[in-house]
Structure formats: structure tokens, C-alpha cells
Amino acid sequence: MEPLSAEEIRRSFVNSSKSQVKAMALPPRFAELPWESLDFLGWRDSKAPNRGYLVVRRDTGVTGIAVSTQTSGAARKFAGLCDLCHTAHHVSDVALFAARRAGAAGREGNTVGMYICADLACSLYIRGLRELDLPQGETATPEVRAQRLATRLEGFVNRVLA
């Protein structure tokens, strides 16, 4: 992913009010992000841990989506699968994130949801840059996994924009 400025990120959000965007905390260590290893920018808000953000560079520009989740409670011994990167985690490390739809549909309360890595670090998992606790059994290359991630992420963004 090409690096983005804080202003580009804030301007990109399609499902948030100006006051919500102004209040959001940018990713920790923003200046040190590994942009070359990211397929999208995803982070949890340090001031509001139930909120997260996905910023995607698309053919039409940069699109930011605010998502929210509930705390998952106690860790359980089952596995969960991220719908974006198809990485297996302990079930408490995958969260159901809901995104308010853009425009009138969102103002009416309509949302779309997806199970995603709780830390929103899918790009790092598919490249082996962040450790996993569960064996994966994945044989596809990181490049193939990144393309699949991009396809699923584009579908999620389109559902938010629809």
C-alpha cells in the first residue's frame, strides 16, 4: 500500500460524521507503519477500543470505513476464521465487526458485518510478519493470499457503499 497522510485518511471515511472522524485516534506509531507490507490500513481506536477503522486504496481513490465490535469476553478453546484473510485464530482473536452503510441507508441504521482478525492486522498475518497461535495448513503464497484478501475486502467495501 502506498503511504497515506493523516489528512488523506481522515478525508476518506464514507460512513462517519465529521465529528466522529475528528475524534478518532490514528494508528499507534503512525509514522512507523510498514506501508510496504499492508494491503489496507486497519487499526483499533485506542480511545474507544470497540471501534476500528479500515482504510483501503481503490481504483477510485481512498475509502475509509469505521467499524465497531463488542468485547469478546473470556477466551475459548475454539478456532475462528477471519473472513478477509482466512487466517485461523483462537475464536477470541476474531471479532464480528459491523460497519454502518454509507449514505441514507446508514442514517436509517443499516449495517453490514464481517468476522475479521480482532487486531485488524490481516496483511501481517498473510505475510508471516505476525505470529499465530494456531497451525494454518495454508499452502498458497503470500501474494496469492494478498490477492484473495483484496477481492474479499473490495466486496466488503462495496457492501458498505451499496
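In this text, all values refer to a predicted model and were calculated from it rather than measured experimentally.

Draft legend 1. The arrangement of the pairing of strand β2 (residues 51–58) in detail. Of all the eight residues making up β2, six are buried; the element is thus mostly covered by neighbouring parts of the structure. Relative to β2, strand β1 (residues 41–44) is paired through four bridges, and the arrangement is antiparallel. Residue L41 lies in a different strand from β2, and its bridge partner there is V55. In sequence, β1 turns back onto β2 through a hairpin of six residues. Where β2 and strand β3 (residues 61–68) come together, eight bridges link them in antiparallel fashion. Looking at the pairing, R58 lines up with G61 of β3. As consecutive antiparallel partners, β2 and β3 are separated by two residues.

Draft legend 2. Local environment of the packing of aromatic side chains. Summed over all chains, the structure comprises three aromatic pairs. On the basis of an interplanar angle of 85° and a centroid distance of 5.6 Å, the ring pair of F13 and Y53 is categorised as edge-to-face. A residue pair is termed long-range when its members are at least 10 positions apart, and F13 in the loop between α1 (6–11) and α2 (18–23) and Y53 in strand β2 qualify at 40 residues. Pair check on accessibility: F13 and Y53 agree, each one buried. Here the aromatic rings of W43 and Y53 are separated by 5.0 Å at their centres, their planes lie at 40°, and the arrangement is tilted. With W43 in strand β1 and Y53 in strand β2, the pair connects residues that are 10 residues apart, well separated along the chain. Of the two residues, W43 and Y53, neither departs from the other in class, the shared state being buried. Ring-pair connections join several aromatic residues into one group, and the members of that group are F13, W43 and Y53.

Conventions used here
- Residues numbered from 1 in each chain as written.
- Predicted model: local features only at pLDDT ≥ 70, side-chain atom pairs only at ≥ 80, totals over all residues.
- Heavy atoms only, no water.
- Buried < 20%, exposed > 50% of the residue type's maximum accessible area, 1.4 Å probe, protein only.
- Helix = DSSP H or I, 4+ residues; strand = E, 2+ residues; numbered from the N terminus.
- Pairing = 2+ DSSP bridges.
- Phe/Tyr/Trp six-rings, centres within 6.5 Å; stacked < 30°, edge-to-face > 60°.

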